[in-house]
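Given next are the chains, with one letter for each unit.
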Amino acid sequence: MGDHLREWASIFTTLAIVCNWCLPMHCDALSCSQCFDVMTTFGNYRVVRMKMPNLGIESVYPAGSMVTRSGQIMRHGLNMAEVTE
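Residues numbered from 1 in each chain as written. Predicted model: local features only at pLDDT ≥ 70, side-chain atom pairs only at ≥ 80, totals over all residues. Heavy atoms only, no water.

S.K.: What is the right way to look at the overall build of the chain in this model?
M.R.: When helices and strands are tallied, the chain shows one helix and six strands. Put simply, the chain runs from its N terminus to its C terminus through helices and strands in the order α-β-β-β-β-β-β. Expressed as a percentage of the 85 residues in the chain, the buried residues total 24%. Roughly 6500 Å² of accessible area belongs to the chain as shown, and the carbon and sulfur atoms make up 60% of that amount. (Helix = DSSP H or I, 4+ residues; strand = E, 2+ residues; numbered from the N terminus. Buried < 20%, exposed > 50% of the residue type's maximum accessible area, 1.4 Å probe, protein only. Areas by Shrake-Rupley, 256 points an atom, 1.4 Å probe, with all protein chains shown as cover.)

Here it is as structure tokens:
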């Protein structure tokens, strides 16, 4: 994977890969408050719910979704996903 990341042209300055099915409510302390973070999901699971209580949002977050938000300002979290075979 390291070889691919070195060749990946991107406007982004950081890449973080998080392998969670459950993410407790949090803010990203190392994120820049003036910038937007992009969260992308992929995998084999059914329905996950994303929560952003600052905005009063709780929504379905299926595989292949992308969400952009300021991770330092916006609290966010995911519930446990049910893995499919």
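Alright, that's what it looks like, and here's the rest.
S.K.: Which parts of the structure should I look at to understand the sheet that holds strand 1 (residues 23-26)?
M.R.: By definition, the strands of a sheet pair up through backbone hydrogen bonds, in either a parallel or an antiparallel sense. Spatial ordering of the open sheet is given by 1-6-3-4, a layout of four strands whose pairing is antiparallel. Of all the strands in the sheet, the pair left with one neighbour each is strand 1 and strand 4 (57-60). Across the sheet, the mean angle separating the axes of adjacent strands is 15 degrees when strand polarity is ignored. Pairing of strand 3 (residues 49-52) with strand 4 involves four bridges; the strand directions are antiparallel. Within strand 4, the position partnered with Lys51 by the bridge is Glu58. (Pairing = 2+ DSSP bridges. Axes fitted to C-alpha atoms, helices over the stretch in contact; angles between N-to-C directions.)

S.K.: Would you explain the pattern of salt bridges in this entry?
M.R.: Pairing between side chains becomes possible if they bear opposite charge and their charged atoms approach one another. For the coordinates displayed, the defined rule picks out three salt bridges. Note that Asp37 and Arg69 form a salt bridge whose closest N and O atoms lie 3.5 Å from each other. Residue Asp37 is located in strand 2 (residues 37-40), and its partner Arg69 is located in strand 5 (residues 66-69); the two are separated by 32 residues in the primary sequence. No difference in accessibility class separates Asp37 from Arg69, as the two residues are buried. Two residues, Arg49 and Glu58, come together in a salt bridge whose shortest N-O distance is 3.0 Å. Since its relative accessible area comes to 29%, Arg49 is described here as partly exposed. Each of the salt bridges in this network shares a partner with another, and the network as a whole consists of Asp28, Asp37 and Arg69. (Salt bridge = Lys/Arg side-chain N within 4 Å of Asp/Glu carboxyl O.)

S.K.: Teacher, can you tell me more about the side chain of Ser65 here?
M.R.: Positionally, Ser65 belongs in the loop between strand 4 and strand 5. A polar atom in the side chain of Ser65 sits 2.6 Å from the backbone oxygen of Pro62. The residues touching Ser65, leaving out its near neighbours within four places in the chain, are Met39, Thr40 and Thr41. (Polar contact = N/O pair within 3.5 Å; in protein donor to acceptor, adjacent residues only side chain to side chain. Contact = heavy atoms within 4.5 Å.)

S.K.: Hey, could you run me through the environment of His76 in this one?
M.R.: By the element assignment, His76 lies in strand 6 (residues 76-78). We classify His76 as buried; its relative accessible area is 1%. Residues His76 and Pro53 lie 23 residues apart in sequence; the distance between their C-alpha atoms is 7.1 Å. The residues contacting His76, other than those within four sequence positions of it, are Pro24, Met25, His26, Asp28, Met39, Lys51, Met52, Arg69 and Gly71. A polar contact is formed between the side chain of His76 and the side chain of Arg69, at a distance of 2.8 Å.

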